Amino acid sequence: MDFFHYKNRELYCEDVPAAELAARYGTPLWVYSKKTLLHHLGQIQTAFAEVDPVICYSVKSNSNLGILKVMQQAGSSFDVVSGGEFYRVKAAGADTSKVVFAGVGKTDEEIRFALENNVLMFNVESEAELDAIAAVAGSLQRVAPVALRLNPDVDAKTHAKTTTGKKGNKFGMDIERAEQLADKVLSDSRLSLRGIHMHLGSPILTTDPYAEAVVKAADVVAKFRKKGHDTRWINLGGGFGINYRKQEALPASAFAAVIVPVVKAAGCRLALEPGRFIVGNSGVLLSQVIYTKREGGKLFVIQDAAMNDLVRPAMYDAFHRIWPAKPSIDPPADYEVEIPGCEPADVVGPICESGDYLAKGRWLPPMSRGDVVCTFSAGAYGMAMSSNYNSRPRAAEVLVDGNTHKLIRRRETVEDLVAHEVGL
Ligand code: LLP
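Notes on the structure in this doc start here. On a predicted model such as this, the values are computed, not experimentally measured, just so you know.

How each quantity is defined
- Residues numbered from 1 in each chain as written.
- Predicted model: local features only at pLDDT ≥ 70, side-chain atom pairs only at ≥ 80, totals over all residues.
- Heavy atoms only, no water.
- Buried < 20%, exposed > 50% of the residue type's maximum accessible area, 1.4 Å probe, protein only.
- Helix = DSSP H or I, 4+ residues; strand = E, 2+ residues; numbered from the N terminus.
- Arc of directions from axis to C-beta.
- Salt bridge = Lys/Arg side-chain N within 4 Å of Asp/Glu carboxyl O.
- 1 Å grid on protein atoms, 1.4 Å probe; cavity = no way out; pocket = protein on both sides within 12 Å on 5 of 7 lines; lining within 4 Å.
- Points joined across faces, edges and corners; volume = space filled by probe spheres on them.
- Polar contact = N/O pair within 3.5 Å; in protein donor to acceptor, adjacent residues only side chain to side chain.
- Contact = heavy atoms within 4.5 Å.
- Axes fitted to C-alpha atoms, helices over the stretch in contact; angles between N-to-C directions.
- Parallel < 35°, antiparallel > 145°, perpendicular 65-115°, else oblique.
- Nonpolar A, V, L, I, M, F, W, Y, C, P; charged D, E, K, R; others polar.
- Near = heavy atom within 4 Å.
- Areas by Shrake-Rupley, 256 points an atom, 1.4 Å probe, with all protein chains shown as cover.
- Sits in = over half its atoms within 2 Å of the grid points.
- Domains from an automatic or database assignment.
- Core = buried A, V, L, I, M, F, W, Y, C linked by side-chain atoms within 4.5 Å.

**Considering helix 5 (residues 108–116)**
Because an α-helix packs 3.6 residues into every turn, residues spaced three or four apart end up facing the same way.
Stage number 1. Listed in full, the buried residues belonging to helix 5 are Glu110, Ile111, Ala114 and Leu115. Each buried residue of helix 5 lies within a common arc of 130° when the element is viewed along its axis, so the set occupies one face.
Stage number 2. Note on helix 5: the residue one or two positions beyond its end, Asn118, has a positive phi of about 55°.

Next up, the structure:
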């Protein structure tokens with residue numbers, strides 16, 4: 001469910017024609033739908049309401065302040081993985097006492113900043129990090145709230161580069177060591193063990209990994225309580241999948257059905273860190289065709305969005321639906337089969353690498369120079385992972401709300417590209 005739709009062969013974001021936005025703000029352009037953001041956050045809030053969860057929107061998926069403000073105003077908290085993300089959520093007006101802080105390489109400076117801002121919990125990823133947090137907390141004469149990030153050794157069946165909860169990944173600590181680590185925390189007055197954290201991978205399209213992991217988490221919590229810890233939190237991370245192709249993703253209620261009863265029985269509070277589920281289908285990337293060409297027996301659609309804008313196809317072989325903003329043919333229900341009136345094309349960008357593509361062999365209606373093209377489901381890990389490769393200024397971002405729209409990040413200029421270079 002999202003608020004991007006075609007009406008009379010014209011794409012709209014909520015009540016605003018996409019082509020109008022492209023003309024007004026230029027391309028490439030990120031366009032976000034506020035209604036879709038709120039819809040997805042609401043789905044999670046409702047599905048898990050029984051255990052009054054703390055929903056920590058995962059800032060890494062899209063960290064624009066405009067998006068963070070929408071989340072904050074709708075009652076979401078935040079999951080951060082760096083001092084920079086912590087700074088952003090503060091700037092967005094978040095209550096930092098509900099922020100969780102993960103990441104395998106937190107520096108002393110980042111730990112101090114989080115403690116000074118009353119972070120809800122550090123999701124601690126190694127024993128060495130526990131020592132560092134204890135030392136910083138001691139120097140500030142504070143007690144640091146920690147959750148042990150445990151690796152449950154669960155196969156989430158995601159892309160190799162985005163699976164995190166399997167033994168051998170760099171994240172967290174082996175679940176078999178949980179009790180030993182809990183003893184360490186218990187013996188240190190600078191630390192307080194608040195809970196367990198797990199994140200299994202992303203995106204996840206079945207409930208099984210969560211069902212397996214939550215039982216393991218509840219089991220560990222029971223053991224910790226026997227030792228005298230006041231362990232109240234189970235944080236199951238993020239990872240809920242979205243519809244990139246068709247309707248392959250599960251509703252939030254399906255995940256809640258396997259998670260909520262176990263968390264309730266364990267008498268715990270639940271934290272979740274959804275990113276993609278909230279912002280993924282809330283954003284699209286608009287681009288414009290520069291040229292088309294036929295070479296080597298293939299049709300290439302060369303448009304002005306590239307791998308520096310959206311790296312997911314190049315990096316993970318990710319699939320994003322692509323269709324013109326004013327197509328001559330209605331968008332299909334299935335983009336992965338032959339479409340009458342269409343021809344397979346590689347949708348590529350101007351970057352000097354063969355890996356620079358948004359789609360390969362994709363069935364598309366006839367397109368020509370100047371046509372506006374839409375790459376869907378690009379709100380998560382799109383702009384957030386973009387770069388200046390090939391000295392391409394990063395694109396602008398626009399937030400649509402009903403029939404209104406506003407710029408939430410201006411397009412970078414060529415002057416911006418060299419602004420940080422010194423000593424010349
Ligand atoms: N919590 C932790 C500890 C995480 O590592 C992640 C994502 C999340 C929450 C949010 O996961 P989500 O709900 O968004 O699935 N760049 C990749 C995805 C990397 C995910 C990294 N961690 C992509 O474009 O598919």
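**Focus: the pattern of salt bridges**
Stage number 1. Tallied over the entire structure, the rule returns 23 salt bridges.
Stage number 2. A salt bridge links Glu336 to Arg245; its shortest N-O distance comes to 2.4 Å. One end of the pair, Glu336, is in the loop between strand 16 (322–324) and strand 17 (343–348); the other, Arg245, is in the loop between strand 12 (233–235) and helix 9 (252–265), and 91 residues separate them in sequence.
Stage number 3. For Glu336, a relative accessible area of 40% gives the class partly exposed.

**Here's the deal with empty space enclosed by the protein**
Stage number 1. A complete count under the given rule lists one cavity of 30 Å³ or more for this structure.
Stage number 2. Taken as a whole, the largest cavity spans an internal volume of roughly 30 Å³.
Stage number 3. Taken together, Arg149, Leu150, Asn151, Pro152, Thr164, Gly165, Phe171, Gly172, Met198 and His199 form the lining of the largest cavity.

**Let's talk about the side chain of His197**
Stage number 1. Along the polypeptide, His197 turns up in strand 11 (residues 191–197).
Stage number 2. Of the polar contacts made by the side chain of His197, one reaches the side chain of Glu273; its length is 3.1 Å.
Stage number 3. Setting aside its immediate chain neighbours within four residues, His197 contacts Asn123, Ala147, Leu148, Arg149, Leu150, Asn235, Gly237 and Glu273.

**A short note on the packing of helix 6 (residues 127–139) against helix 7 (residues 178–186)**
Stage number 1. Remark: helix 6 packs on helix 7, axes separated minimally by 12 Å, with the N-to-C direction vectors making an angle of 10°. Taken together, the axes of helix 6 and helix 7 are roughly parallel relative to one another. Only Gln180, Leu181, Lys184 and Val185 of helix 7 make contact with helix 6, whose side of the interface consists of Glu127, Leu130 and Asp131.
Stage number 2. Here the residues of the contact of helix 6 with helix 7 sort into three nonpolar, one polar and three charged.

**As for the site of the ligand**
Stage number 1. Lining the immediate environment of the ligand, one finds 18 residues, of which Ser202, Glu273, Arg276, Arg312 and Tyr381 sit closest.
Stage number 2. At 2.8 Å from an oxygen atom of the ligand is found a main-chain nitrogen or oxygen belonging to Gly239.
Stage number 3. At a separation of 2.8 Å, a nitrogen atom of the ligand approaches a polar side-chain atom of Tyr316.
Stage number 4. Protein chains shield 92% of the accessible area of the ligand, which is 590 Å² for the free molecule.
Stage number 5. Most atoms of the ligand, that is more than half of them, are within 2 Å of grid points of the largest pocket.
Stage number 6. A breakdown of the residues in the shell around the ligand according to their chemical character gives four nonpolar, eight polar and six charged.
Stage number 7. If you count residues domain by domain, the shell around the ligand takes at least three from each of domain 1 (4–32 + 280–418) and domain 2 (63–274).

**Here's the deal with the environment of His40**
Stage number 1. Among the secondary structure elements, His40 is positioned in helix 2 (residues 34–47).
Stage number 2. The class for His40 is buried, based on a relative accessible area of 7%.
Stage number 3. Once the C-alpha coordinates of His40 and Gln288 are considered, the two residues, 248 residues apart in sequence, prove to be 29 Å apart.
Stage number 4. If we skip the residues at most four places from it in the chain, His40 touches Met1, Phe277, Ile278, Asn281 and Ser282.

**Considering the nonpolar core**
Stage number 1. Formed by 121 residues in total, the largest nonpolar core has its most connected members in Phe48 and Phe122.
Stage number 2. Take this core: its biggest share by element is eight residues, from helix 8 (residues 208–226).
Stage number 3. Among the domains, domain 1 (4–32 + 280–418) and domain 2 (63–274) are the pair contributing at least three residues each to this core.
Stage number 4. Discounting chain neighbours no more than four positions away, the residues touching Phe48 are Pro53, Phe240, Ala252, Phe255, Ala256, Ile259, Val260, Leu270 and Leu272.
Stage number 5. Val54, Cys56, Val100 and Ala271 belong to the second-largest nonpolar core, a separate cluster that totals eight residues.

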